[in-house]
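Chain by chain, the residues:
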Amino acid sequence: MTAMYGSKENTPLLRVKNLQTGFKIDGDYYNAVEGVSFDVLPKQIVGVVGESGCGKSVMSLSIMQLLPNGIGKIRGGGIEFEGQDISTYSDKQMNGIRGKDISMIFQEPMTSLNPVFTIGYQIEEVILNHEKLTKKEARLRSVALLKQVGIPRAEQIVTEYPHQLSGGMRQRVMIAMAIACQPKLLIADEPTTALDVTVQAQILELLKGIQEANDMSIILITHDLGVVAEICDEVLVMYAGKIVERAYVDDLFRDPKHPYTELLMKAIPKMDEDVEELATIEGLVPSVINMPQVGCRFANRCPKAMAECLMVTPQLAEVADRHEAACLLYEESWPTDGKREREGVAAL
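Residues numbered from 1 in each chain as written. Predicted model: local features only at pLDDT ≥ 70, side-chain atom pairs only at ≥ 80, totals over all residues. Heavy atoms only, no water.

(A) Local environment of the nonpolar core. By size, the foremost hydrophobic cluster in this structure holds 98 residues, and its most contacted members are Leu14, Phe38, Leu146 and Ile219. Ignoring any residue separated from it by four or fewer positions in sequence, one finds Phe38 in contact with Leu14, Arg15, Val16, Met59, Ile63, Ile219, Leu236 and Ile243. (Core = buried A, V, L, I, M, F, W, Y, C linked by side-chain atoms within 4.5 Å. Buried < 20%, exposed > 50% of the residue type's maximum accessible area, 1.4 Å probe, protein only. Contact = heavy atoms within 4.5 Å.)

Following this line, the structure appears as structure tokens:
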């Protein structure tokens, strides 16, 4: 899939092509991410949304090549960064990229930060791994980074340990570590989870400011559509390991096309509505072991499902201007090969 948005001169910074990532369970591999393709342009913020278990974090770990060794692996497709297929890189090659060109903020800062090392030591380790600086210079850079992300008493904080900081402060430390070498791409996996609303807003404002100041691209992984609306340019909606909708953020909120996205929107509480119960999506995301191999993976939870939704696998295709969805409701938008697949099933 080529870049859907931006000018022709905008060469994608990151290009994910038909990514398939699986996990080994009882001797067999099961795909948690299947057929995912998208581009990230320079200076762009791409949001990835969906329920827990939809494959968002697995996709990000695939890009970073941080899947559990011996259990998870990329089974197909490619990941290009600045034109190079990094999905085939060795650990040594990836170590030269991780933290320098591509950085990641993980979900839970308390478990991501090492409890036995000081804040300063952990930031300095990132810097010294990629840049030829003395320890003193790395310490000065660490203090400057902590100040940049809004941490007071930075000179003292570098000597403290993670447990001495609040959740919001630990998240700021994680951001400082992630931007230490001014990466071109930042992957933020649920960066505001478990933080109170006020701190969430501060973290989002911080990320947006850093992105603009450094001309950085961001992949923002979240289940919170409010977060997406706040800072994203483009949105990918994932369900059961696949992208089911893709659009500009304004278009998605104004006119969601996929039934799954519509239900996610309805589940958002509205200030001007007084309701006794919040809207919910019945059922659960299928597990990787019981993932349907034919048909729409959302069919058993979809209020608009038809009988053929269980037999025909929908294709992601443009259903409106710069707006893609994978749903039989928009069958006429499918490419030719998709229609051939449908006719073959119908003829059985």
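(B) The arrangement of the packing of aromatic side chains in detail. Taken as a whole and assessed by the stated rule, the structure comprises four aromatic pairs. Aromatic pair Tyr260 and Phe298: ring centres 5.1 Å apart, planes at 65 degrees, arrangement edge-to-face. Here the residue Tyr260 occupies a position in helix H11 (residues 259-266), and Phe298 occupies one in the loop between H11 and strand S11 (317-320), the gap between them amounting to 38 residues. Each member of the pair, Tyr260 together with Phe298, is buried. One aromatic cluster is present, formed by Tyr239, Tyr260 and Phe298 through successive ring pairs. (Phe/Tyr/Trp six-rings, centres within 6.5 Å; stacked < 30°, edge-to-face > 60°. Helix = DSSP H or I, 4+ residues; strand = E, 2+ residues; numbered from the N terminus.)

(C) Layout of the sheet that holds strand S4 (residues 72-81). Read across the sheet, four strands follow the order S2-S1-S4-S5 without closing on themselves; strand pairing throughout is antiparallel. Each edge of the sheet is formed by a strand with only one pairing partner; in this case those strands are strand S2 (28-40) and strand S5 (84-85). (Pairing = 2+ DSSP bridges.)

(D) Seen up close, the environment of Glu155. If you trace the backbone, Glu155 turns up in helix H6 (residues 154-157). Take Glu155: its relative accessible area is 48%, and that puts it in the partly exposed class. A C-alpha to C-alpha distance of 51 Å links Glu155 and Leu316, two positions 161 residues apart in sequence. Residues contacting Glu155, with those up to four places away along its chain left out, are Val143 and Lys147.

(E) Representation of the pairing of strand S6 (residues 102-105) in the model. Alternating positions in S6 separate into two faces, Ile102 and Met104 on one and Ser103 and Ile105 on the other, with burial throughout. Direction of pairing for S6 relative to strand S7 (residues 185-189): parallel, over a ladder of four bridges. Bridge pairing in S7 places Ile102 opposite Leu185.

(F) Here's a closer look at the packing of helix H7 (residues 167-178) against helix H8 (residues 197-214). Where H7 meets H8, the closest approach of the two axes is 11 Å, and the angle between their N-to-C directions is 15 degrees. Viewed along their axes, H7 and H8 adopt a mutual orientation that is roughly parallel. Between H7 and H8 lies a crossing whose hand is right-handed. When H7 is examined against H8, the residues Gly168, Gln171, Arg172 and Ile175 are found in contact with a partner set consisting of Val199, Gln202, Ile203, Leu206, Leu207 and Ile210. Here the contact of H7 with H8 is composed, by residue class, of six nonpolar, three polar and one charged. (Axes fitted to C-alpha atoms, helices over the stretch in contact; angles between N-to-C directions. Parallel < 35°, antiparallel > 145°, perpendicular 65-115°, else oblique. Left-handed = near helix turned anticlockwise from the far one by under 90°. Nonpolar A, V, L, I, M, F, W, Y, C, P; charged D, E, K, R; others polar.)

(G) Just the pairing of S11, in detail. Bridging between S11 and strand S12 (residues 323-325) involves three bridges; their strand directions are antiparallel. In the sheet register, Ala317 faces S12, and the bridge partner there is Ala325. Connecting S11 to the antiparallel partner S12 that follows it, the hairpin turn spans two residues, and Arg322 within it adopts a positive phi of roughly 55 degrees.

(H) Main features of the sheet that holds strand S9 (residues 234-239). Read from one edge of the open sheet, eight strands run S6-S7-S8-S3-S9-S10-S12-S11, paired in mixed fashion. Two strands close off the open sheet at either side, each with one partner strand: S6 and S11. The mean angle between the axes of side-by-side strands here comes to 25 degrees, regardless of whether they run parallel or antiparallel. Two elements, strand S10 (residues 242-248) and S12, share three bridges in a ladder whose sense is antiparallel.

(I) Quick look at unusual backbone geometry. Non-glycine residue Glu82 carries a positive phi angle of around 50 degrees. Tracing the backbone shows Glu82 in the loop between S4 and S5. Residue classification places Glu82 among the partly exposed residues on the basis of a relative accessible area of 41%. The phi angle at Arg153 is positive, at roughly 50 degrees, despite the residue not being glycine. Mapped onto the elements of the fold, Arg153 is located in the loop between helix H5 (135-148) and H6.

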